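Remarks on the overall topology
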Amino acid sequence: MGKLFLEFVTTEHGLPKYVCNNCGCDVATEKRLIWEGFMNAGSPAYLFKEAVNVAPTTAAPRYEVLSTGGYLLLDVGCRKCSLTLGWQYLRADKLDQHYKVGCCLLHQASLLRVTGKAVAPEDSASEASEGDVSVALGYEVAGDW
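These notes cover the structure that comes with them. Predicted, not measured: the structure shown is a model, and the values here were computed from it. Numbers given for residues are sequential positions, taken from 1 along each chain in its written order. Two thresholds apply to this predicted model, a pLDDT of at least 70 for residue-level local features and 80 or more for giving and counting side-chain atom pairs, whereas whole-chain, interface and lining totals are computed over all residues. To obtain the side-chain values, all non-hydrogen atoms of the structure were included, while hydrogens and water were left out.

With that out of the way, let us pick up the packing of aromatic side chains. In this scheme Phe, Tyr and Trp rings, the latter by its six-membered ring, pair at centre separations within 6.5 Å, and the angle between planes marks the pair as stacked below 30 degrees, edge-to-face above 60, and tilted otherwise. This structure, assessed with the given rule, holds 5 aromatic pairs. Between Tyr18 and Phe48 the ring centres are 5.2 Å apart and the planes differ by 65°, which places this aromatic pair in the edge-to-face class. On the criterion of sequence distance, the pair formed by Tyr18 in strand β1 (residues 17-20) and Phe48 in strand β4 (residues 43-48) is long-range, its members being 30 residues apart. In this structure, Tyr18 and Phe48 share a single accessibility class: buried. Ring centres 6.3 Å apart and planes at 85° place the aromatic pair Trp87 and Tyr89 in the edge-to-face group. Each residue is assigned to one of three classes by its accessible area relative to the maximum for its type, calculated with a 1.4 Å probe on protein chains only: buried under 20%, partly exposed between the two thresholds, exposed over 50%. Given the relative accessible area of 5%, Trp87 is considered buried. Through pairs of rings, three or more aromatic residues link up here, namely Tyr18, Tyr46 and Phe48. A run of DSSP states H or I qualifies as a helix once it reaches four residues; a run of E qualifies as a strand once it reaches two. Both are numbered from the N-terminal end.

Looking now at the side chain of Lys17. Position of Lys17 relative to the elements: it lies in strand β1. Distance and chemistry together define a polar contact, namely a pair of N or O atoms within 3.5 Å, with one atom able to donate a hydrogen and the other to accept it when in protein, and with adjacent residues in sequence counting only for side-chain atoms on both sides. Side chain to side chain, Lys17 and Asp26 meet in a polar contact 3.0 Å long.

Attention now moves to the nonpolar core. Nonpolar core, defined: a set of buried Ala, Val, Leu, Ile, Met, Phe, Trp, Tyr and Cys residues in which side-chain atoms within 4.5 Å join the residues together. Of all hydrophobic cores here, the largest spans 14 residues; its most connected members are Val27, Phe48, Val54, Leu85, Leu106 and Leu111. Where this core is concerned, the elements lending two or more residues are β1, β2 (26-29), β4, β7 (69-78) and β9 (104-107). Pairs of residues are marked as contacts when any of their non-hydrogen atoms sit within 4.5 Å. Setting aside anything within four residues of it in sequence, one finds Leu106 in contact with Val27, Met39, Pro44, Ala45, Tyr46, Phe48, Val76, Leu85, Gly86, Trp87 and Leu111. Membership of the second largest hydrophobic core comes to 11 residues, among which are Met39, Leu47, Tyr71 and Trp87.

Moving on, we get to unusual backbone geometry. The backbone of Asn53 shows a phi angle near 60°, a positive value even though the residue is not glycine. Here Asn53 lies in the loop between β4 and β5 (54-56). For Asn53, a relative accessible area of 0% gives the class buried. A positive phi angle, near 70°, is found at Ser82, a position not held by glycine. You can see Ser82 is positioned in the loop between β7 and β8 (84-92).

The next thing to look at is the pattern of salt bridges. We define a salt bridge as a contact between a side-chain nitrogen of Lys or Arg and a carboxyl oxygen of Asp or Glu at a distance within 4 Å. Using the criterion set out here, one finds 6 salt bridges in the structure. Asp26 is the partner of Lys17 in a salt bridge, and the nearest nitrogen-oxygen pair spans 3.0 Å. Summarising the burial analysis for this pair, Lys17 and Asp26 share the class buried. Between Asp93 and Arg91 there is a salt bridge, with its nearest N and O atoms 3.8 Å apart. Residue classification places Asp93 among the partly exposed positions, given a relative accessible area of 42%.

Function-wise, these values are silent; they only describe arrangement.
Okay, here's the thing in structure tokens:
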């Protein structure tokens, strides 16, 4: 196995970024967030125009009919730890849904939204539990996570 190549996202104007909830690997920036909604069975999700460090988790794409139409989907996961993150739209049957092609719909539960504001290590050590991703990354967690 070769060396793992990971990309890093840069945030602009203090916008938050999203990282893998399991390993802290960068996934997307809020600037690339198209909308917040739901996947299949009401699971909260984010639709990103671009995502980094995601890789296919299945060999072949699948066709699925969702509430907004038929799609060719490819399941994707974190390139670093292989946690399933969601799927990428490869094709949309309806013309008004073509904007989703190439985008990734990712489970909110699989991502951690972080700000670019650094947390001092001595402040975070007392508040953090062992293995807390936000502390390991040196970021302040945004929102009620």
